[in-house]
Amino acid sequence: AVLTRDEAALSATGSLREQFDPAVLLKPAVDRYADAVGLAAEQVVGAERKAEIERSADSMVLWLTEAPAWPALRAHLMTIEVSGGDAIDALRQAVDSGGLDDAQHPAAVLSWRLQPIGRGGPLPWLDGVPEALSTDPVWGRYLEARQQFVRDLADEVLNGCAEQRPAWLADMPLPPSPP
């Protein structure tokens, strides 16, 4: 990241081009999609159940809810809960599946250990919107729009990459022969 930065001023034209570049917009769109699913799940689950899950998390792993990766783990747990699973049981299984004594970020390790909720999101590695959220009158249309925006950006990036050939491929026949 340090090497990609320079202090050169960006022209207005360059700034506008970057502002609408799907490759630049894709990561923030994915982050917003994932955050929106987690927030929606948290609101649909409700404050009482959320508090119960947080108390259980802290009883399983001391200070887990104070860990830097707790927001990501909480979003994952709330999404499990809103999908019809038991977040406390899922967390217990993740904790029991291996030690955390040497983990620098136990919440991140536990989030990684949790099973995917259900693929089918806007990108192959993202979870889709749980049915309880997609049919929710408050969140359903919003989450579908977020999901579609990520798909559209990904398609634009893919199509843009397909049109551009790297310089080292310029003299090569396509597709390249096996040798």
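Reading the values: rules and limits
Residues numbered from 1 in each chain as written. Predicted model: local features only at pLDDT ≥ 70, side-chain atom pairs only at ≥ 80, totals over all residues. Heavy atoms only, no water. Helix = DSSP H or I, 4+ residues; strand = E, 2+ residues; numbered from the N terminus. Rg over C-alpha atoms; globule rule 2.2 N^0.38 Å. Core = buried A, V, L, I, M, F, W, Y, C linked by side-chain atoms within 4.5 Å. Buried < 20%, exposed > 50% of the residue type's maximum accessible area, 1.4 Å probe, protein only. Contact = heavy atoms within 4.5 Å. Salt bridge = Lys/Arg side-chain N within 4 Å of Asp/Glu carboxyl O. Arc of directions from axis to C-beta. Polar contact = N/O pair within 3.5 Å; in protein donor to acceptor, adjacent residues only side chain to side chain. Axes fitted to C-alpha atoms, helices over the stretch in contact; angles between N-to-C directions. Parallel < 35°, antiparallel > 145°, perpendicular 65-115°, else oblique. Left-handed = near helix turned anticlockwise from the far one by under 90°. Nonpolar A, V, L, I, M, F, W, Y, C, P; charged D, E, K, R; others polar. Lys, Arg positive; Asp, Glu negative; His and termini not counted.

Description of the overall build of the protein
Alright, step 1. When helices and strands are counted, the protein shows 8 helices and 0 strands.
Alright, step 2. Along the chain direction, N to C, the helices and strands of the protein fall in the order α-α-α-α-α-α-α-α.
Alright, step 3. Taking 179 residues into account, the globule formula puts the C-alpha radius of gyration at 16 Å, and the protein, at 21 Å, lies well above it.
Alright, step 4. Across its three principal directions, the C-alpha atoms of the protein cover 60 × 45 × 45 Å.

Some words on the environment of Gly-98
Alright, step 1. Looking at the element boundaries, Gly-98 is found in the loop between α5 (87–96) and α6 (106–113).
Alright, step 2. Placed 29 residues apart in sequence, Gly-98 and Asp-127 show a C-alpha to C-alpha distance of 24 Å.

Re the nonpolar core
One broad rule of soluble globular proteins: the nonpolar side chains tend to lie buried together.
Alright, step 1. Leu-64, Leu-73, Leu-77, Leu-91, Leu-110, Leu-133 and Leu-143 are the most contacted members of the largest nonpolar core, which totals 40 residues.
Alright, step 2. Broken down by element, this core gets its largest block of residues, 9 residues, from helix α2 (residues 22–45).
Alright, step 3. Dropping the residues within four chain positions of it, Leu-133 is found in contact with Val-37, Ala-40, Ala-41, Val-44, Val-82, Trp-139, Gly-140 and Leu-143.

Overview of the pattern of salt bridges
Alright, step 1. Scanning the entire structure with this criterion turns up 7 salt bridges.
Alright, step 2. Salt-bridge contacts for Lys-27 lead to Asp-31; the nearest nitrogen and oxygen are separated by 2.6 Å. Of this pair, Lys-27 and Asp-31 both sit in helix α2, 4 residues apart, which is roughly one turn of the helix.
Alright, step 3. The class of Lys-27 is exposed, set by a relative accessible area of 55%.
Alright, step 4. Looking at Asp-31, the relative accessible area reads 34%, which means it is partly exposed.
Alright, step 5. The salt bridge partner of Asp-86 is Arg-49, with a shortest N-O separation of 3.2 Å.

With respect to α5
Alright, step 1. If you check which residues of α5 are buried, you get Ala-87, Ile-88, Ala-90, Leu-91, Ala-94 and Val-95. Along the axis of α5, the buried positions cluster into a sector of 160 degrees, meaning they face one direction only. Exposed side of α5, more than 90 degrees from the buried face: Gln-93 and Asp-96 are the residues found there.
Alright, step 2. N-capping of α5 is provided by Asp-86, with a side-chain oxygen placed 3.0 Å from the backbone N of Ile-88.

Brief notes about the packing of helix α4 (residues 70–82) against α6
Alright, step 1. One way to put it is that α4 packs onto α6 with a least axis distance of 8 Å and a crossing angle of 30 degrees. Classified by the angle between their axes, α4 and α6 sit roughly parallel to one another. For α4 against α6, the interelement crossing comes out left-handed. Contacts from Trp-70, Ala-72, Leu-73 and His-76 of α4 reach α6 at Ala-107, Leu-110 and Ser-111.
Alright, step 2. Split into classes, the residues belonging to the contact of α4 with α6 amount to 5 nonpolar, 2 polar and no charged.

A look at unusual backbone geometry
Alright, step 1. Located in the positive-phi region is Trp-63, a residue other than glycine, with phi close to 65 degrees.
Alright, step 2. Note that Trp-63 resides in the loop between α3 (47–60) and α4.

Remarks on α6
Alright, step 1. What α6 keeps buried is the set Pro-106, Ala-107, Leu-110 and Ser-111. Viewed end-on, α6 has its buried residues packed into an arc of 135 degrees, placing them on one side of the element.

Considering the side chain of Arg-146
Alright, step 1. With respect to the helices and strands, the residue Arg-146 is situated in helix α8 (residues 140–163).
Alright, step 2. For the buried Arg-146, no salt bridge exists, and the shortest N-O distance to an oppositely charged side chain is 9.1 Å, to Asp-35.
Alright, step 3. With near-sequence residues (within four places) excluded, Arg-146 lies in contact with Arg-32 and Tyr-33.

Side note on the environment of Arg-55
Alright, step 1. Mapped onto the elements of the fold, Arg-55 is located in helix α3.
Alright, step 2. Arg-55 sits in the exposed class, given a relative accessible area of 55%.
Alright, step 3. Along the backbone, Arg-55 and Leu-158 are 103 residues apart, and their C-alpha atoms lie at a distance of 44 Å.

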